[in-house]
Amino acid sequence: MTVTEEPGSGTVAPAEPASRAPRRRRAVVDGVAMPGPAERTAKAVVLTVACALVVLPFVGIVSTSLATPEQVTRAGGFVLLPTGIDLSAYRMIFAGGVVSQALWVSVFVTAVGTAVSLALTTTLGWALSRRGAFGVRAMLLLVLVSLLFNPGMIPSYLVVQRLGLLDSLWALIIPTSVSAFNVVVVRAFFVQLPHEIIDSARIDGATEWQLFRRIGLPLSKPVLAVVGLFYGVGYWNAFFSALLYISDAAKWPLQLVLRTYVVDGTQLGSQDLGIDAAALPPQTSLQMAILVVSVVPVLLVYPFLQRHFAKGMLTGAIKG
Amino acid sequence: MTAVEEAGARHRPRTPAEADGPRGADPGAPRPPLPWYRRMARDRAVLLLALPAMAVIVVFQYLALGGNVIAFQDYQPYLGIGRSLWVGLENFSILVSGDPEFLGALRNTLIITLLQTVLVFPAPIVLALLLHSLVSNRVRQWVQSVLYLPHFLSWVIVVAVFQQVLGGAGMINNFLRAHGWQPIDVIGNADAFYALITSQVIWKDTGWATILFLAVLAGIDKSLYEASAVDGATRWRQTWHITLPGMRPIIVMLLILKLGDSLSVGFEQLLLQQDAVGLGVSQVLDTYVYNQGVVGGYWGVAAAVGLVKGVIGLVLVLVANKVAHAFGEEGVYRA
């Protein structure tokens, strides 16, 4: 790659006086001089601070959601290191009230939405990769041009209204189900598949559907994993579409519940959670527990996402 | 033509010119001498596969554009587009009449765009240079994993996290009070609002935005560095004369895209914080459209503002792309 500590093959560093290079660290790698100790320390400090700024808030949030009610009250709302672990906040929000319901809505929208999106995106991506077929150039143009503009909030609302999707969970899925960008990414992948495989399958009598199903899909698993995870995270995080299209609070996804009870600070009563008033944990613990529940799924898929995204994103962004 | 010949004609090996882009159809290729309806029948399977997703794109991108006609109507939801009264350009008068709420939204939008271009845009470039200069690949990958993460959190979560950290009863103020210091007043404070939203954007997206820059940095020809080292260039000279010029095309491209988006700033982010800080500093064009139209019921005015905003955004991208070409840059696309 770019810079290595081991004196490997590749480039030969210019001769250096032995006194200036105490250990095996070289002064110049690939033509770039190595930083001195002061610069290395400065870099380490900057990056450590940057990482701490990302990680520490979450430590505090998880700690508060787990801390005992007495500790939360004593600390005035926030706990960095819990002394005892108390899962009552989680038990309460999973007891069947608004939060559990919203969780089910979010899980449904994310699961169904990702499946629908993947089906639509791969079929269109495959079709657009068939150069020379009737209508493919025109359709590709429609897809690419749609990247340049956005019809606007009010016109989108009118379409959803006209289709009778207001207050339906499908309004959270269908309008955003096809991302033109992802179609272009998937198409770019299909286009670079070796055409010999497709030709020989066709000669053996494979239909278009069989080509797609037996050759296209199995070979594109890595790219589908990335695209699917991006769609999934998008559906899970969607907030405004729900605010715009869903007025029935029983159909709210988790992000809207999060906004109402955590960002806006509306008090969560025992009747909202369907529990005994006496058992109500401190609001802060409940809020932090909701926050944790909405972050954890993203954290769970993140390692998988991360393994692929450099590759997946770059095929789309650079070859686009 | 037999099935085999047909397959061969359609899936001939690609020439390099053809492989590098959607527009690269080979002009020299012989077109099949079939009338369009025969070709349509021949390729019906491909068309069928494309149909569902194309329907979504056509309905929600292209047909939806038609909804903009209500910008010329006194639109009433119970009458619908068909029976609402046509009012010509009346709804657009808000743009020129000096309406204080609209002007406030326009001003806030421009201030926030300016702040984001000056403060937020360079951040990932600096971070990418820093990450790229790390010697250890393992450290770099760890740091990247941590810093990419906030990008995948929703704005609701980011705003909630900032409130929990900086709010009146948040982590920092608890700590300050415990040590007898003055608490800081950031959340809900109109004077600190732009600093707050700028730091939120930096926190959420700087790490992720490095991904493109890092890819470009990894692609810069190593021999340039070696040659310049032989000529005695220091690391700063190398950064200035090799690294930054190497990054110029991607920086230009991202600036063009940013310019096209310059009238849409952090919609969800601002909407979530309007209740806490008031509309005076947090109303931007997008939230104005939402608050006027969906909340306030002035559908026609909202659509008019949204339409003008969309047209200006599109024109900005097209013009910026032309300008980039004039300066010899690749830009976003070539037409």
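The model shown is predicted, which means the values in this text are computed figures rather than measured ones.

Conventions we followed
Residues numbered from 1 in each chain as written. Chains lettered and ligands numbered in written order. Predicted model: local features only at pLDDT ≥ 70, side-chain atom pairs only at ≥ 80, totals over all residues. Helix = DSSP H or I, 4+ residues; strand = E, 2+ residues; numbered from the N terminus. Contact = placed C-beta atoms within 7 Å. Nonpolar A, V, L, I, M, F, W, Y, C, P; charged D, E, K, R; others polar. Axes fitted to C-alpha atoms, helices over the stretch in contact; angles between N-to-C directions. Parallel < 35°, antiparallel > 145°, perpendicular 65-115°, else oblique. Expected span 1.5 Å × (residues − 1). Buried ≥ 20, exposed ≤ 12 C-beta atoms within 10 Å, placed from the backbone. Domains from an automatic or database assignment.

**Q** Mind laying out unusual backbone geometry, listing which residues take part and the relevant values?
**A** The residue aspartate 167 of chain A is not glycine, and still its phi comes out positive at about 65°. Note that aspartate 167 of chain A resides in the loop between helix H6 (153-162) and helix H7 (180-191).

**Q** Any details on the interface of chain A and chain B? Residues and values, ideally.
**A** Reports often express the size of an interface as the amount of accessible area lost when the parts come together. The interface is formed by 96 residues belonging to chain A together with 83 residues belonging to chain B. Considered class by class, the residues forming the side of chain A that touches chain B number 65 nonpolar, 21 polar and 10 charged.

**Q** Give me the lowdown on the packing of H7 of chain A against helix H10 (residues 221-237) of chain A, citing residues and values where you can.
**A** All names here are of chain A. Interhelical geometry of H7 versus H10 gives an angle of 175° and a closest axis separation of 10 Å. Considering the angle they form, H7 stands roughly antiparallel to H10. Only Val223, Val227 and Phe230 of H10 make contact with H7, whose side of the interface consists of Asn182, Val185, Val186 and Phe189. Classifying every residue of the contact of H7 with H10 gives six nonpolar, one polar and no charged.

**Q** Outline H7 of chain A, supporting the account with residue identities and numerical values.
**A** Because an α-helix packs 3.6 residues into every turn, residues spaced three or four apart end up facing the same way. Residue and element names in this part refer to chain A. The end-to-end C-alpha distance of H7 is 16 Å, a good match for the 16 Å that 12 residues give at a rise of 1.5 Å each. Along H7, nine of the 12 residues are buried, which leaves the element largely enclosed by surrounding structure. Buried within H7 we find Asn182, Val183, Val184, Val185, Val186, Arg187, Ala188, Phe189 and Phe190.

**Q** Can you lay out the domain arrangement of chain A for me, pointing to particular residues and giving the numbers?
**A** All names here are of chain A. With domains assigned, chain A is organised as domain 1 (46-86) and domain 2 (91-319). Where the side of domain 1 that touches domain 2 is concerned, the elements lending two or more residues are helix H1 (37-66) and helix H2 (69-75). Partitioning the side of domain 1 that touches domain 2 into residue classes produces five nonpolar, four polar and no charged.

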